[in-house]
Amino acid sequence: MGYQVIGAVASGEEAVQRAHDIVPDLVLMDIDLEGNLDGIESAARIREEGDIPVIYLTAMADEKTLQRAKITDPFGYLLKPFDERILHSIVDMALRKHELEYELRQSRELFQTLVENQGEGVAILDNKEEFTFVNPAAEMIFGVASGELIGYGLRDFTSPEQFARIRSQTVLRKLGQRSVYEIEIMRRNGEKRVLIVTATPYIDKEGQFIGAFGVFRDITEQKWIEQAEHEQRTLAEALRDTAHALNSSLDLDEVLDLILVNVGRVV
């Protein structure tokens, strides 16, 4: 059929060893083998060691055997005696399915790597604002250990007023709208953090709203810097106005009133 047969063995032990040594693209596995391992046990070990697709060839079609075979996730199941055209089709489909699964797995691994190494917190929340998925950055932002954020919600880290504001944003997502807003959270140790949230609707295949994709960016330090700059500007303006008042021709009471006003601005 255009394929190269690189080995044929009689026992399960030999099959496992040969698959380990030469790593074939596909294994045609008879369930009834010599030795201590039957074909199903051999296929399970081959699949554990490497990403090798297996097609079962067997004369046994009882329900118990079929159920055992399903557990090993075979790429095909062919009853003897079989037609070569059917065998050719099953082999071709098995190799194509394996190729597609490999590509899908690579895409998932790439996506997982990107999400897990994001500097910003990435999360999926249900329609009650409870976490169903988070990346390590999100756990760090909320100040919890790995795996502890799932099952908790934004309600557990915000005041009632803040959570009511979050729920008002949920209304927009139910309408299919993306929103960006600022919230304040409190970690379990009492530390407050200010976050920018970018929330995108999470819609299922039936078009029903089931939650949101959230991106959290911690802007607490940025807020501190902005506050410090504001205080410095206020102080500079107060000193300037006070100096101007002292150099003016105003009477003492007016000068003192202006000084008190500027002190109040700074304090």
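All figures in this text were calculated on a predicted structure; none of them were measured in a lab.

About the cut-offs
- Residues numbered from 1 in each chain as written.
- Predicted model: local features only at pLDDT ≥ 70, side-chain atom pairs only at ≥ 80, totals over all residues.
- Heavy atoms only, no water.
- Pairing = 2+ DSSP bridges.
- Helix = DSSP H or I, 4+ residues; strand = E, 2+ residues; numbered from the N terminus.
- Axes fitted to C-alpha atoms, helices over the stretch in contact; angles between N-to-C directions.
- Contact = heavy atoms within 4.5 Å.
- 1 Å grid on protein atoms, 1.4 Å probe; cavity = no way out; pocket = protein on both sides within 12 Å on 5 of 7 lines; lining within 4 Å.
- Points joined across faces, edges and corners; volume = space filled by probe spheres on them.
- Nonpolar A, V, L, I, M, F, W, Y, C, P; charged D, E, K, R; others polar.

Peer 1: Could you clarify how one ought to interpret the sheet that holds strand β8 (residues 209–218) in this entry?
Peer 2: Pairing is antiparallel across the open sheet formed by five strands, whose spatial order is β5-β4-β8-β7-β6. The open sheet terminates on both sides in strands that have one partner only, identified here as β5 (131–134) and β6 (179–186). The average angle at which neighbouring strand axes cross in this sheet is 30°, direction not considered. Two strands pair when backbone bridges link them, and β6 and strand β7 (residues 192–203) are joined in this way by eight bridges, in the antiparallel orientation. Following the sheet pairing, E184 is matched in β7 by V194. Running at roughly 155° to β6, helix α6 (residues 160–174) makes contact with β6, β7 and β8 of the sheet.

Peer 1: It is not clear to me how empty space enclosed by the protein should be interpreted in this structure. Could you clarify?
Peer 2: Any empty space left between the atoms is revealed when a probe the size of a water molecule rolls over them. Tallying each qualifying case throughout the model produces one cavity of 30 Å³ or more. Only β7 and β8 provide two or more residues apiece to the lining of the largest cavity. Here the element with the most residues in the lining of the largest cavity is β8; it accounts for three residues. Among the residues making up the lining of the largest cavity, the classes are represented as seven nonpolar, one polar and two charged.

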